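# Residue-level structure breakdown
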Amino acid sequence: MTTEQMVSEIECLKKEKNAVIMAHYYVDDDVQDVADYIGDSFFLSRKATEIDADIIVLCGVRFMGESAKVLNPDKKVLIPDIGADCPMAHMAEVDEVARMRREYEDLAVVCYVNSTAELKAVSDVCVTSANALKIVSRLPQKNIFFIPDQNLAHYIADQLPEKHFIFNDGYCHVHHGLTVEQIQRAQREHPDAQLCVHPECKPEVTALADYVGSTSGIINYVSNSDVKEFIIATEVGVMYELKKKNPDKTFYAVSVMQVCPNMKKITMEKLLAALKEEQPEVILSEDLMVNAKTPMLNMLELAK
Ligand code: 13P
Ligand code: SF4
């Protein structure tokens, strides 16, 4: 089947089933093209509360589908490949959260949305890279247990010296793997380029950046800049939107390793099959959805 045939079948099925397709910037270009909404994790979470459809197809990794389901327990939420799972989402322990709560009386458990519903359910508030600084700064608690990402935690902690951070050792292999040497080599090769870095990168990498922010933050920064060349230190899928919005600008990757293999599991073929069969569906227990919803709603409120 050609891409055009798949696109037209997807469009028909969307209408027939009253379905909406949401996609993250890291999925393949052709999948982004058929999406009704494309955005960063925060946009996708907020948008999920505004969707008027019977089915949401989340083209991204599993935690994104879980977030959409938690915010829409009565809707059917599909992920084209249920095995598209972010490894970092699992890199914290529910027991460790309980231990921290016993140890610190004045504690907020802050959970990056790149986490399982089980971790969200034992947290006080969720954050994304787009709103973590604002939200943590607004929390009344002094002690912050930030799960699961160590790098986003360090990036925020450095800007909030009044808070006491307790770090967890999770990381994203795609961003954590980028090194200072790779960045400096790219800077030597492209001396006129500015460097944009996602806060999931190591502190020594974010320290070199002209701009640090979420995928949407990077897109906005580049689109509003007069500079013509940029080195992009995040997953390469974001290049598609960057180039679409800025045809006169040039973008360089830092390394061939900037590819999230789980995001790339979402293909047009699987998207079409998911819409046809209404499978694979995100299924979570009632209790889990109720408990994970509060920190998600706290995020949406505190991010206003
Ligand atoms: P954003 O929230 O910046 O889109 O990032 C999501 C993600 O998975 C980063 O690795
Ligand atoms: Fe997870 Fe990293 Fe992939 Fe984002 S890029 S989904 S954090 S593995």
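Structure: above.
Every chain is numbered independently, its residues counted from 1 as its sequence is written. Each chain is given a letter, starting from A, and each ligand a number, starting from 1, according to the order in which they appear as written. Note on the predicted model: pLDDT of at least 70 is required for a residue's local features to be given, and 80 or more for side-chain atom pairs to be given and counted; whole-chain, interface and lining totals, by contrast, use all residues. Think of the side-chain values as coming from all heavy atoms in the structure, minus any hydrogens and water.

### Observations concerning the side chain of Ser255
- Within the element layout of this structure, Ser255 appears in the loop between strand S12 (250-253) and helix H14 (268-277).
- Whenever a nitrogen or oxygen atom comes within 3.5 Å of another N or O atom, the pair is scored as a polar contact, on the condition that within protein one atom can donate a hydrogen and the other can accept it, and that pairs from neighbouring residues in sequence are kept only if both atoms are in side chains. At a separation of 2.8 Å, a polar atom in the side chain of Ser255 contacts the main-chain amide nitrogen of Met257.
- Residue contacts follow a heavy-atom distance rule, with two residues in contact if any of their heavy atoms lie within 4.5 Å. Those residues within four positions of Ser255 in sequence are excluded, and the remaining contacts are Leu178 and Gln182. The way it works is that DSSP assigns letters per residue, a run of H or I at least four long becomes a helix, a run of E at least two long becomes a strand, and they are numbered from the N terminus.

### What about the site of ligand 2?
- Residues in contact with ligand 2, as listed here, are Tyr26, Val61, Cys86, Pro87, Met88, Asn114, Cys172, His173, His175, Glu200, Cys260 and Met263.
- Throughout, the ten residues Ala, Val, Leu, Ile, Met, Phe, Trp, Tyr, Cys and Pro are labelled nonpolar, Asp, Glu, Lys and Arg are labelled charged, and all others, Gly among them, are labelled polar. When its residues are assigned to classes, the shell around ligand 2 shows eight nonpolar, three polar and one charged. The cutoff for a nearby residue is simple: one of its non-hydrogen atoms must lie within 4 Å of the molecule or strand.

### Here's the deal with the environment of Cys201
- With respect to the element layout, Cys201 can be found in the loop between strand S9 (194-197) and helix H11 (203-206).
- The sequence separation of Cys201 and Cys172 amounts to 29 residues, and the corresponding C-alpha distance is 8.1 Å.
- Apart from the residues within four sequence positions on either side, Cys201 is in contact with Asn151, His175, Leu178, Thr206 and Ala233.

### Looking at the sheet that holds strand S10 (residues 211-212)
- Strands were regarded as paired on the criterion that DSSP finds at least two bridges between them. If you walk across this open sheet you meet the four strands as S10-S9-S11-S12, and the pairing is parallel. At either margin of the open sheet sits one strand with a lone partner, and together these are S10 and S12.
- Strands S9, S10, strand S11 (229-233) and S12 of the sheet are contacted by helix H12 (residues 215-223), whose axis makes an angle of about 160° with S9. Axes here mean lines fitted to C-alpha atoms, for a helix over just the part in contact, with angles spanning 0 to 180 degrees between N-to-C directions.

### Re helix H4 (residues 62-71)
- Where burial is concerned, most of H4 is hidden: nine out of the 10 residues are buried.
- For every residue, the accessible area obtained with a 1.4 Å probe (protein chains only) is divided by the maximum for its type, and the residue is called buried under 20%, exposed over 50%, and partly exposed between those limits. Buried residues of H4: Phe63, Met64, Gly65, Glu66, Ser67, Ala68, Lys69, Val70 and Leu71, and no others.
- Structurally, H4 contributes buried residues whose contacts are with strand S1 (19-24), helix H3 (41-48), strand S3 (55-59), strand S4 (76-78), helix H6 (117-121) and helix H15 (286-302).

Nothing here speaks to function; it is geometry throughout.
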